[in-house]
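So you can see what is in the structure, the chains are spelled out below.
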Protein chains: 2
Amino acid sequence: MAKEYKAAMIVIGSEILSGRTKDENINYVAGKLVARGIELSEVRVIPDDEGVIIDSVNDLKGRFDYVFTSGGIGPTHDDITALSVAKAFGVKLEINQSVYELLKNEYIGGDFTQASVKMAMLPENAELIPNPLSAAPGFIIENVYVMAGVPIIMHRMMDYVADIIIGGDIVLSRSVSCSFGESRIAKELADIQDAFPNVDIGSYPHFKDGEKGVGIVLRSINENDLNKAEQSVLDMVKSKL
Amino acid sequence: MAKEYKAAMIVIGSEILSGRTKDENINYVAGKLVARGIELSEVRVIPDDEGVIIDSVNDLKGRFDYVFTSGGIGPTHDDITALSVAKAFGVKLEINQSVYELLKNEYIGGDFTQASVKMAMLPENAELIPNPLSAAPGFIIENVYVMAGVPIIMHRMMDYVADIIIGGDIVLSRSVSCSFGESRIAKELADIQDAFPNVDIGSYPHFKDGEKGVGIVLRSINENDLNKAEQSVLDMVKSKL
């Protein structure tokens, strides 16, 4: 059996906790990881607070194969991710000369300030994650991948990261919908789950215009078992109509 | 000075970690808490896994005034939130007779099954959170508020909860936009932050059609300081045009 890869994500963003901004990165990261055979096991949304960032990075980097962060790598006073991650690893933050040159060419005139230089300050020996939109890169240190918070930039960084990380077997999925409540099929669904222990079966109710419905999602790395479990669910749903 | 209230949220949802579903509850809870003078300090998205739910509830209920959960309170085999929360508190799960009667009246014929009864199984002495849409209630045990995952139901439960919980001073906010990059104002913004320590100043860049812009958000419970800090930011932004 192939190694299973598990990941955590840290969304560094006081603006999400205050309700000002809706996160647009978790779902993107989740989708990219599924496609690479990596299980996203936990997401934390935390404030721009050095102590909390350090604790979260230290806790999660030891427990998961990969940790992805979004947010807090810009030039302003509230951008403290790079410094906090360096502290979590006990390494120095230093000017990366190639990033400095890159930013100097990108930020012209009044836009190249002492603050811009902050975006060239990276943990020593960090590997860069390119930023095709606004130059200032993300970075990789050991198993921690530090990316921007602005969604259009974050997504391009995650595209790059998804291409270079190592994943495991791809989890395949099937989905079956029906237009009655969960209670009617709960027992039979549990029996099918018991019969196929290596297929994960989830049941997701929805309500639309007062009508109940359920989406049943089956996930497995074993296509044969997945097909059999799907057929069992389809037969069961038909028997309830 | 009034007591400050801090909260955490636990999103219980394998479907969000797998990328199948986009969370629609974090932002709603965040907005409701801000309006009640409660700071949302951390959000965790975790799988439908008993051990992880128990650990998360136990960790967060001790560290925050309130813990809000969403997801996993339906009738199917993957709905394990009520049982896990009961275990976290070391209390029994038992049939709540009034909920049983409620569900029996709501779920008619083939829809009232052994599985429906599961939704009447609550931790002993739990207080109910009404569900105006599909009857099965959420519940409160000590400082933990357990709610549905389906957004339209979750939001109605959160409306109820927001009305009954105790909050602190309301955090007021102001926002100033400008259409240039963060680097140009970063130093001055840091100086304003230093001058107003009880105002939280956040800087949120955005990129649209290749153009840079920044949203500067000021937050404080002190309206007088907030107004002064806002004026400083406005003056500073004008000086940079």
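In this text the structure is predicted, and so the values were computed from the model without any measurement.

Draft legend 1. Molecular detail of the pairing of strand β10 (residues 200-208) of chain A. All names here are of chain A. Here β10 pairs with strand β11 (residues 211-220) via 9 bridges, running antiparallel. Of the residues in β11, the one forming a bridge with Asp200 is Arg219. If you look at the hairpin formed by β10 and β11, you'll find 2 residues sitting between the two strands, and Asp209 has a positive phi there, around 50 degrees.

Draft legend 2. How the structure looks around the domain arrangement of chain A. Each assigned domain of chain A is listed with its residue range as follows: domain 1 (5-164) and domain 2 (172-239). Centre-to-centre separation of domain 1 of chain A and domain 2 of chain A, based on C-alpha positions: 37 Å.

Draft legend 3. Quick look at the interface of chain A and chain B. Contact with chain A, which involves 56 residues of that partner, is made by 56 residues of chain B. In this assembly, chain A packs against chain B so that about 4600 Å² is buried in total across both faces, 58% of it on carbon and sulfur atoms. The tally of links from chain A across to chain B stands at 2 salt bridges. With a closest N to O distance of 3.2 Å, B:Glu24 and A:Lys22 form a salt bridge. Taken together, the elements giving at least two residues each to the side of chain A that touches chain B come down to α1 (14-17), α2 (26-35), β2 (38-46), α6 (114-118), α7 (151-164), α8 (186-195), β10 and β11 of chain A. Per-element accounting of the side of chain A that touches chain B gives the leading share, 7 residues, to β2(A). In terms of residue class, the side of chain A that touches chain B is built from 24 nonpolar, 19 polar and 13 charged. Where β2(A) meets strand β2 (residues 38-46) of chain B, 3 bridges bridge the pair, whose relative direction is antiparallel. Across the sheet, residue A:Val43 finds its bridge partner in β2(B), namely B:Val45.

Draft legend 4. Summary view of the nonpolar core. If you look at the biggest cluster of nonpolar residues, it comprises 114 residues, and the most contacted ones within it are A:Phe68 and B:Phe68. With sequence-adjacent residues up to four places away left out, B:Phe68 is seen in contact with B:Ala7, B:Ala8, B:Met9, B:Ile10, B:Leu33, B:Tyr145, B:Met147, B:Met158, B:Val161 and B:Ile165.

Draft legend 5. Highlighting the packing of helix α3 (residues 50-63) of chain A against helix α4 (residues 81-89) of chain A. Residue and element names in this part refer to chain A. Packing of α3 against α4 brings their axes to within 9 Å, and their N-to-C directions diverge by 50 degrees. One finds that α3 runs oblique with respect to α4. Our pair here, α3 against α4, has a crossing hand that is right-handed. Facing α3, whose interface residues are Glu50, Ile53, Ile54, Val57, Asn58 and Lys61, α4 presents Thr81, Leu83, Ser84, Val85, Lys87, Ala88 and Phe89. Partitioned by chemical class, the residues of the contact of α3 with α4 number 7 nonpolar, 3 polar and 3 charged.

Draft legend 6. Layout of the sheet that holds β10(A). Residue and element names in this part refer to chain A. The strand order across the open sheet built from 3 strands is β9-β11-β10, with neighbouring strands paired in antiparallel fashion. Here the strands that pair on one side only, and so sit at the sheet edges, are β9 (172-178) and β10. The sheet shows a mean angle of 20 degrees between the axes of neighbouring strands, direction not considered. For β9 and β11, the ladder comprises 7 bridges, and the chain directions are antiparallel. Counted as the bridge partner of Val176 is Ile216 from β11. Against the sheet, α8 touches β10 and β11, its axis set at about 155 degrees to β10.

Reading the values: the criteria
- Residues numbered from 1 in each chain as written.
- Chains lettered and ligands numbered in written order.
- Predicted model: local features only at pLDDT ≥ 70, side-chain atom pairs only at ≥ 80, totals over all residues.
- Heavy atoms only, no water.
- Pairing = 2+ DSSP bridges.
- Helix = DSSP H or I, 4+ residues; strand = E, 2+ residues; numbered from the N terminus.
- Domains from an automatic or database assignment.
- Contact = heavy atoms within 4.5 Å.
- Buried area = accessible area lost by both parts, 1.4 Å probe.
- Salt bridge = Lys/Arg side-chain N within 4 Å of Asp/Glu carboxyl O.
- Nonpolar A, V, L, I, M, F, W, Y, C, P; charged D, E, K, R; others polar.
- Core = buried A, V, L, I, M, F, W, Y, C linked by side-chain atoms within 4.5 Å.
- Buried < 20%, exposed > 50% of the residue type's maximum accessible area, 1.4 Å probe, protein only.
- Axes fitted to C-alpha atoms, helices over the stretch in contact; angles between N-to-C directions.
- Parallel < 35°, antiparallel > 145°, perpendicular 65-115°, else oblique.
- Left-handed = near helix turned anticlockwise from the far one by under 90°.

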